[in-house]
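Here are the chains, one letter per residue:
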Amino acid sequence: MDDEVVQRVLQEGGRDYYQQQPSTSSSSPSILQSLPLHVSFDHGYYLLVKSIQELRSKKDGLVTVGIGGPSGSGKTSLAEKVASVIRCTVISMENYRTGVDDGSDLDLIDFNLLVKNLEDLIGGRDTSIPLFDFQGRKRIGFEKIMTSSGVVIVDGSYALHAMLRSLLDIRVAVVGGVHFSLLSKVQYDIGESCSLDYLIDSIFPQFRKHIEPDIHHAQIRINNSFVSSFREPIYKLKCKSESQSEHTTFIFSGKETQVDNFIEMFLRPPSASEEARINDWIKVRQSGIKYYLSLGDQRIVDKNFIIRPKAEFEVGRMTLGGLLALGYTVVVSYKRASTSLSEGNLSVSLETIDTLGETFMVLRGTNRKVVGTEASRMGIIGPWITKSYLEMILETKGVPRLNTPPPLSTVSREKSITAPKPVRITSPTLVNPLEDLPQPWTRSPTKSKMEPVLASWNFISTDLPLAEGSVIDPSSSRNGLQLAPMPDSYDLDRGLLLSVQAIQALLENKGFPVIVGIGGPSGSGKTSLARKMANIVGCEVVSLESYYKAEQVKHFKYDDFCSLDLSLLSKNIDDIRNRRRTKVPLFDLETGSRSGFRELEVSEDCGVVIFEGVYALHPDIRRSLDLWIAVVGGVHSHLISRVQRDKSKVGCFMPHNEIMTAVFPIFQQHIEPHLVHAHLKIRNDFDPVLSPESSLFVLKSNKQVAYQDILKILDPSKICSSVQKFTDIYLKLPGTLANGHLTESDCIRVRICEGRFALLIREPIREGNFIIQPKVDFDISISTVAGLLNLGYQAVTYIEASASIYQDGKILIEVDHLQDVPTPYVQIKGANKEVVAAAGSKLKLDGSYTTKSYLEIILETLPVHERNSSGIHSQQATKMQELVELILTQGCSSASESSPRKGASPLEGAIEDMQSRIKRLERWHMINTVLFDILSY
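Since we're looking at a predicted model, the values are computed, not measured.

(A) Structural detail: the overall build of the protein. In terms of helices and strands, the protein carries 27 helices and 38 strands. Taken across its 937 residues, the protein has 56% of its residues classed as buried. Put simply, 75% of the contacts in the protein that link residues at least 6 apart link residues at least 24 apart.

Now the structure itself:
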């Protein structure tokens, strides 16, 4: 996808260019030329991995990478994500400190030692890097590292410093993240009284002078929009330790524990009133010489659980001093002593809060059910405390008045924190004024103002007259109250938080049950959002696909509103509304028929039900719901962008709306009009194709494996198996091939199964024996495939296969039998690289892996003269034509029937033989392979 971009990265400098003789040509590459690759975090990750791989294959010796940028921008997260895919050594510049930060941490970095270490590694020599103890505030020794990894990443704010640039092959700058968020919040808190430059100089005093000039030398520039996220929240259960004294000794006895001591401070904005609006406060946690900052009390309380996002980031001591100088005051401070024991994804801690004089037991984990189950197994039954330590202190001590010093347990024993003097740069050789910068991407937040960290939902009375132009539907209210729609749209992370807050507000104001509808186009992220919401609040999710009518699915009408059994859906919603037990249907997509029912009942413990589907916000459905959520973007937008890009490659620009009309004809007429009425509108800009968060590690081999051996490595209590068969069609736009050879990246792959269609988005990374591919397959209608064909895409080949699948929740083992390929292929898939590798070793597959796609494998079985860019016509022309005719006939028919403004399809006469074509299609046993839902948790 980005081959041309990767080539530009490699051509725009690096340490090899420093070693070249100067050129007299004015057009010769220069290290001072920054390549303007302003990309998202996910795209930047993908580009960096591909660039490392490309450079590693074309040069001898070590590949060196520098990742620089301000604190909190996401440098370390990027380095860790790359290291999880590529075997490499990550060197943190934090370990090169020589002492404690007293205002200029640049002077505390041992650049000479870092340069020597890099020169040793580049020269093929092993070297020793320092280790710094942040609690003890001193260097404690050295660690020997070797050159065998082949890749070294330097991670730090000054990683692109002039002393290091000549030693780096690839230079990456990361800006944004919580760095921008803090600037936005401070600007919001203090108003327009200070310029942005003044704020930067106050809270990030080294940035403009020592960091910003260097990051302009980056070849890859990443703007990280991530702030905090409930996608992978931390679930906590907390109680007083004395209530569990009989269990404490047993839990911690004879086990290795970790002891930490923190000072936690809360800063009140200068414009704040004495009212305890803790959501407006800034939290700073000190651990040794490190400071960690988070914005507001970003947490959710649901029943006994405290649910927190990953929202903390490291800042320098001078950032705290700068905030104090700008008028922020420390209103609450306490010491927290922690003794913790960790086992897997669960930790148990004893935490003593000096201001409260009490000790608490806290269980933390990334899975709500696991945390609750482990608490029960340990015999810890509460009583649970859902208040934060800050709330408990405010209850006992009261809210400090303005200009009142905080309680004594603060930083009194620490060296006083002084406010920095703003850096005033007058020399034009250092930093130009903001208005003169050609690319001020490093400097400012994307918004001059920032919404409150936690937005508040408001209710309106349906007894009052509605404002002109209001989209409120009074028929959906009960008890005379209804949520007022949020005026703006939000990204997925903020939308997830607001969704849960809305549910909590409804429960508090209207009681249970709360019935939620999540609507939007296919692939927008509705199902993912519903599941994440369900994980947080512990509720049921019902897919509208469960209400399909068998006859509609058989005739490819499952994307039409009439395909839903609306009467049964209405009855289920009415039963839930009246707190009656109801039976929700189960639909078997393999047989295309209803397979049974499951009982569903709401209660005070589980009083929320989420209905998700394309038509969840249709007027006939939403009038019975309490909360309407619309989601757009995601892979839905990705397909439109892909078509637009392919068209541009062949010199044909197509506007977004024209592509939308062609490939999603139902959306604009029958889905989009309903989304505007949503209480909450979410823009899903998450790119699952490129993001490391959505990747599966895959090992593939054609070595024979016995069924009994597969069962031995799976958890017998959780194993499940199935047999699936599918057909993949590869669609290509003529003229888009770069080298004349057909590759998977040139094509859009459509999977046909059970008469249904799914789009398989693949931009895999191949590293060593692993294929790292996204977990992205989403259902599309036949009219979408017909739209692609009508836009000029051609079906160039197809692959028929059957798969035997075995999984236990951690790994999935798939045995694929490809048509005309004598030996089956085994694929081991999972979200954890080490678990996948261990499973491969147990099956004795080491040394037999391949990273080739099935398209490559099929092409290699053909004679050389048939391996052309037009596909595999000689053997498949007849069946291919039948598939194309079927898609065009039924796809155009479906689209025309959905549009009252259009006449009959010109291909309507072909419908008469549709049943015979369907039967022929069903003989191929085409099955969808949405396999990895269980691996998403």
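Now that the structure is up, let's keep going.
(B) Here's a closer look at the pattern of salt bridges. Applying the stated rule across the entire model yields 37 salt bridges. Residue arginine 208 pairs with aspartate 201 through a salt bridge whose shortest N-O separation is 2.8 Å. One exposure class covers both arginine 208 and aspartate 201, and it is buried. The partner of arginine 749 in a salt bridge is aspartate 728, and the shortest N-O contact between them spans 2.8 Å. One end of the pair, arginine 749, is in strand E31 (residues 748-753); the other, aspartate 728, is in strand E30 (residues 720-732), with 21 residues separating them in the sequence. This pair shows no difference in class: arginine 749 is buried, exactly as aspartate 728 is. Beyond isolated ion pairs, a larger network of salt bridges with shared partners links Glu264, Lys283, Arg336, Glu351 and Arg364.

(C) Looking closely at the sheet that holds strand E29 (residues 695-701). Spatial strand order, E33-E34-E29-E38-E37-E36-E30-E31-E32-E35: 10 strands in an open sheet with antiparallel pairing. Edge positions in the sheet fall to strand E33 (765-767) and strand E35 (777-780), since each has one partner strand and no second. Direction aside, neighbouring strands of the sheet carry axes that sit 30° apart on average. Pairing analysis gives four bridges linking strand E32 (residues 756-760) to E35, with the strands arranged antiparallel. Following the sheet pairing, leucine 760 is matched in E35 by aspartate 777.

(D) View of helix H15 (residues 526-537). With 12 residues, H15 extends 17 Å between its outermost C-alpha atoms, agreeing within 8% with the 16 Å of an ideal straight helix rising 1.5 Å per residue. Here H15 has its buried residues at Lys526, Leu529, Ala530, Met533, Ala534, Ile536 and Val537. End-on view of H15: buried residues confined to an arc of 160°, all on one side of the axis. Trailing H15 by a residue or two, glycine 538 shows a phi angle of about 65°, which is positive.

(E) Geometry of the sheet that holds strand E8 (residues 220-224). Pairing within the open sheet is parallel, and its six strands lie in the order E1-E8-E7-E2-E6-E3. At either margin of the open sheet sits one strand with a lone partner, and together these are strand E1 (38-39) and strand E3 (89-92). Across five bridges, strand E7 (residues 170-176) lies against E8 in parallel orientation. Bridge pairing in E8 places glycine 176 opposite asparagine 224. Docked against the sheet, helix H7 (residues 177-190) engages E7 and E8, running at close to 30° with respect to E7.

(F) How the structure looks around the nonpolar core. Counting 62 residues, the largest nonpolar core has Leu544, Tyr547, Phe611, Leu731, Phe757, Leu759 and Ile887 as its most contacted members. Of all the elements, helix H23 (residues 782-790) adds the most residues to this core, at five residues. What leucine 544 contacts, discounting residues up to four positions off in sequence, is Leu564, Leu569, Phe611, Glu612, Gly613, Tyr615, Ala616 and Ile621. Counting residues in each nonpolar core, the second largest holds 55 residues, with Leu106, Leu113, Ile129 and Ala218 among its members.

(G) Representation of the packing of H7 against helix H8 (residues 196-203) in the model. Between H7 and H8, whose axes approach to 11 Å, the crossing angle comes to 120°. When the axes of H7 and H8 are compared, the crossing they make is right-handed. Residue-level contacts link Leu182, Leu183, Val186, Gln187 and Ile190 of H7 to Leu196, Leu199, Ile200 and Ile203 of H8. Within the contact of H7 with H8, the residues separate by chemical class into eight nonpolar, one polar and no charged.

(H) Focus on the side chain of aspartate 626. For aspartate 626, the position within the fold is in the loop between helix H18 (619-622) and strand E27 (627-633). Judged by its relative accessible area of 2%, aspartate 626 is buried.

(I) Spotlight on the packing of aromatic side chains. The full count for this structure, using the stated rule, is nine aromatic pairs. Centroid distance tyrosine 334 to tyrosine 389: 6.4 Å. Interplanar angle 75°. Geometry classified as edge-to-face. Of this pair, tyrosine 334 sits in strand E16 (residues 329-343) while tyrosine 389 sits in helix H13 (residues 389-397), and the two are 55 residues apart along the sequence. For the pair formed by tyrosine 334 and tyrosine 389, the shared burial category is buried. Their ring planes at 55° and their centres at 5.6 Å tell us that tyrosine 707 and tyrosine 806 sit as a pair that is tilted. Of the two residues, tyrosine 707 is situated in helix H22 (residues 707-712) and tyrosine 806 in strand E36 (residues 794-807); the sequence distance between them amounts to 99 residues. Taking relative accessible area as the criterion, tyrosine 806 reaches 12% and is therefore assigned buried.

(J) Region of interest: H13. Within the span of H13, buried status applies to Tyr389, Leu390, Met392, Ile393 and Leu394. Against strand E9 (229-240), strand E10 (258-268), E16, strand E17 (346-353) and strand E18 (358-365) lie the buried residues of H13. Of the residues trailing H13, glycine 398 is marked for its positive phi of about 85°.

(K) Up close: unusual backbone geometry. With an omega dihedral of 0°, the bond running from phenylalanine 512 to proline 513 counts as a cis peptide bond. Within the secondary structure layout, proline 513 lies in the loop between helix H14 (492-510) and strand E22 (514-519). For lysine 303, which is not a glycine, the phi torsion comes out positive at approximately 55°. Inspection of the secondary structure puts lysine 303 in the loop between strand E13 (300-302) and strand E14 (305-310).

(L) Up close: the environment of glutamate 763. Relative to the helices and strands, glutamate 763 is located in the loop between E32 and E33. You can call glutamate 763 buried: its relative accessible area is 7%.

(M) Spotlight on the environment of aspartate 107. Among the secondary structure elements, aspartate 107 is positioned in the loop between E3 and helix H5 (111-122). Measuring from C-alpha to C-alpha, the distance between aspartate 107 and arginine 97 comes to 8.9 Å, with 10 residues separating the pair along the chain.

(N) Local environment of the packing of H14 against H15. One can describe the packing of H14 onto H15 by two numbers: an axis separation of 10 Å at closest approach and a directional angle of 50°. It follows that H14 is oblique to H15 by the angle criterion. In this structure, H14 crosses over H15, and the sense of that crossing is right-handed. Residues Leu492, Leu496, Ser499, Val500 and Ile503 of H14 form the contact with H15, whose own contacting residues are Leu529, Lys532, Met533, Ile536 and Val537.

(O) Layout of the confidence of the model for the protein. Looking at the protein as a whole, the pLDDT averages 78, with 76% of positions reaching at least 70. A low-confidence stretch, residues 408-440 (pLDDT under 50), is modelled with 62 contacts involving residues beyond four sequence positions or located in other chains. This model gives residues 466-477 a pLDDT under 50, and the stretch forms 25 contacts once residues within four places in sequence are excluded.

(P) Main features of the environment of glutamine 552. Mapped onto the secondary structure, glutamine 552 falls in helix H16 (residues 550-554). Judged by its relative accessible area of 17%, glutamine 552 is buried.

So, how was this worked out
- Residues numbered from 1 in each chain as written.
- Predicted model: local features only at pLDDT ≥ 70, side-chain atom pairs only at ≥ 80, totals over all residues.
- Heavy atoms only, no water.
- Helix = DSSP H or I, 4+ residues; strand = E, 2+ residues; numbered from the N terminus.
- Buried < 20%, exposed > 50% of the residue type's maximum accessible area, 1.4 Å probe, protein only.
- Contact = heavy atoms within 4.5 Å.
- Salt bridge = Lys/Arg side-chain N within 4 Å of Asp/Glu carboxyl O.
- Pairing = 2+ DSSP bridges.
- Axes fitted to C-alpha atoms, helices over the stretch in contact; angles between N-to-C directions.
- Expected span 1.5 Å × (residues − 1).
- Arc of directions from axis to C-beta.
- Core = buried A, V, L, I, M, F, W, Y, C linked by side-chain atoms within 4.5 Å.
- Left-handed = near helix turned anticlockwise from the far one by under 90°.
- Nonpolar A, V, L, I, M, F, W, Y, C, P; charged D, E, K, R; others polar.
- Phe/Tyr/Trp six-rings, centres within 6.5 Å; stacked < 30°, edge-to-face > 60°.
- Parallel < 35°, antiparallel > 145°, perpendicular 65-115°, else oblique.
- pLDDT = per-residue confidence, 0-100.

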